[in-house]
Amino acid sequence: MAMEAFDLAERFQTPVFVMLDLDLGMKNWMSDPFPSPDRPIHRGKLLTTETLKQLGDWGRYKDVDGDGVAYRTVPGDGMPAAFTRGSGHNARGQYSERPDDYVENMDRLARKFETARRFVPRPDVDVNPEARIGIVAFGTTHWAVTESRDQLVEETDVQTSYFRLRAYPFTDELAQFVDAHERIYVVEQNRDAQLLQLMRLDLAPFRVTKLRSVLHYNGLPIDARSVTDGVLAQEGYEVVKKGTRVGGAGMTGGE
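Residues numbered from 1 in each chain as written. Predicted model: local features only at pLDDT ≥ 70, side-chain atom pairs only at ≥ 80, totals over all residues. Heavy atoms only, no water.

Moving on, we get to the overall build of the protein. For the protein, the helix and strand inventory stands at 9 helices and 5 strands. Reading the protein from its N terminus to its C terminus gives the helix and strand order α-α-α-α-β-β-α-β-α-β-α-α-β-α. The proportion of buried residues among the 255 residues of the protein is 38%. For the protein, the accessible surface area stands at approximately 15800 Å², while carbon and sulfur atoms represent 54% of it. Side chains of the protein give 32 positive and 39 negative charges; the mean places of these two sets differ by 5 Å. (Helix = DSSP H or I, 4+ residues; strand = E, 2+ residues; numbered from the N terminus. Buried < 20%, exposed > 50% of the residue type's maximum accessible area, 1.4 Å probe, protein only. Areas by Shrake-Rupley, 256 points an atom, 1.4 Å probe, with all protein chains shown as cover. Lys, Arg positive; Asp, Glu negative; His and termini not counted. Charge placed at Lys NZ, Arg CZ, Asp CG, Glu CD.)

Dropping the structure here:
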């Protein structure tokens, strides 16, 4: 995914952050060899002589295609050089304090990241037609969620679907996943429900009402029991703090 991140950074002319898991990174793991790149770097919209002829008029931040991504040059390619300011500028890259120029540039950036939604890595989605609840998670939380799903079925016959997020900004699949379920449990390893907060900002209000949070931040890697108990407690099942189920086979509540 690091190689793909460089392509996205070039294509959308923006920083791209690759999140790494500390617990995974501090251990030795067997891995299949990484394949060598089989395609050139995707440099995005580079200005060429032919493109300049078609455009007729070029501005460093001018959105000519409606996708928010402007054409650019790179040093040494023989095309016009562009001076990039770190402060307010117009579509030509010229310094400007005009409110209209500032608004136009902010709106262009918003269009660019809307475009980026279609090109970031897609999520891994496992939809269970019998499930009324779904689980959203990312990173190595995956393994705890996978085991927890088995526990939920074996212990309480609670069926789940699973959405493993792989990129932000979110793709359209996230809203579709939320629509397909009555409740969504967002599982993450931090105190402040950071992923849930992003989802609340991004999703429509009627979808936000379906969201629930399962957090794990005691300093140890997340485990399946914590996920299972976190879901069951909010589904109306009685669980004890340390994760021992109460009630055995006769447990009631939830679904």
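Let's shift gears to a negative patch on the surface. Taken together, the side chains of Glu147, Asp150, Glu154 and Asp223 present a region of like negative charge at the surface. By secondary structure assignment, the location of Glu154 is in helix 5 (residues 141-156). A relative accessible area of 66% means that Glu154 is categorised as exposed. (Patch = residues over 30% accessible without salt bridge, like charges linked within 9 Å, V, L, I, M, F, W, Y side chains within 5 Å. Salt bridge = Lys/Arg side-chain N within 4 Å of Asp/Glu carboxyl O.)

We now examine unusual backbone geometry. Keep in mind that most residues, glycine aside, have a negative phi and that most peptide bonds are trans. Put simply, Tyr168 and Pro169 share a cis peptide bond, and its omega is 15°. Along the chain, Pro169 falls in the loop between strand 3 (160-165) and helix 6 (172-179). Not every positive phi belongs to a glycine, and Gln13 is a case in point at roughly 55°. With respect to the helices and strands, the residue Gln13 is situated in the loop between helix 1 (2-12) and helix 2 (22-25).

This part covers the packing of aromatic side chains. Using the criterion set out here, one finds 3 aromatic pairs in the structure. Ring geometry for Phe163 versus Phe177: centroids 5.3 Å apart, planes at 50°, classification tilted. One end of the pair, Phe163, is in strand 3; the other, Phe177, is in helix 6, and 14 residues separate them in sequence. For the pair Phe163 and Phe177, a shared accessibility class is recorded, and that class is buried. Measuring from ring centre to ring centre gives 4.9 Å for Tyr168 and Phe170, while their planes differ by 80°; the resulting arrangement is edge-to-face. Positioned above the aromatic ring of Tyr61 is the side chain of Arg60, whose terminal nitrogen or guanidinium carbon lies 5.0 Å from the ring centre. (Phe/Tyr/Trp six-rings, centres within 6.5 Å; stacked < 30°, edge-to-face > 60°. Lys NZ or Arg CZ within 6 Å of the ring centre and 35° of its normal.)

With that settled, the discussion passes to the confidence of the model for the protein. When the pLDDT values of the protein are averaged, the result is 90; 94% of them are 70 or greater. Below pLDDT 50 for its whole length, residues 243-255 participates in 27 contacts with residues either more than four positions away or in separate chains. (pLDDT = per-residue confidence, 0-100. Contact = heavy atoms within 4.5 Å.)

As a further point, take helix 7 (residues 194-202). Those residues of helix 7 that sit buried are Leu195, Leu196 and Met199. Projection of helix 7 onto a plane perpendicular to its axis shows the buried side chains occupying an angular sector of 100°, all on one side. Residues of helix 7 that are buried make contact with strand 2 (133-138), strand 3, helix 6, strand 4 (183-188), helix 8 (205-208) and strand 5 (211-215). (Arc of directions from axis to C-beta.)

Inspection of the secondary structure assignment puts Asn218 in the loop between strand 5 and helix 9 (224-234). C-alpha separation for the pair Asn218 and Asn190, spaced 28 residues apart in sequence, amounts to 8.9 Å. In this structure the side chain of Asn218 is engaged in a polar contact, spanning 3.1 Å, whose partner is the side chain of His216. Engagement of the side chain of Asn218 in a polar contact is seen with the backbone nitrogen of Leu220, the distance being 3.0 Å. (Polar contact = N/O pair within 3.5 Å; in protein donor to acceptor, adjacent residues only side chain to side chain.)

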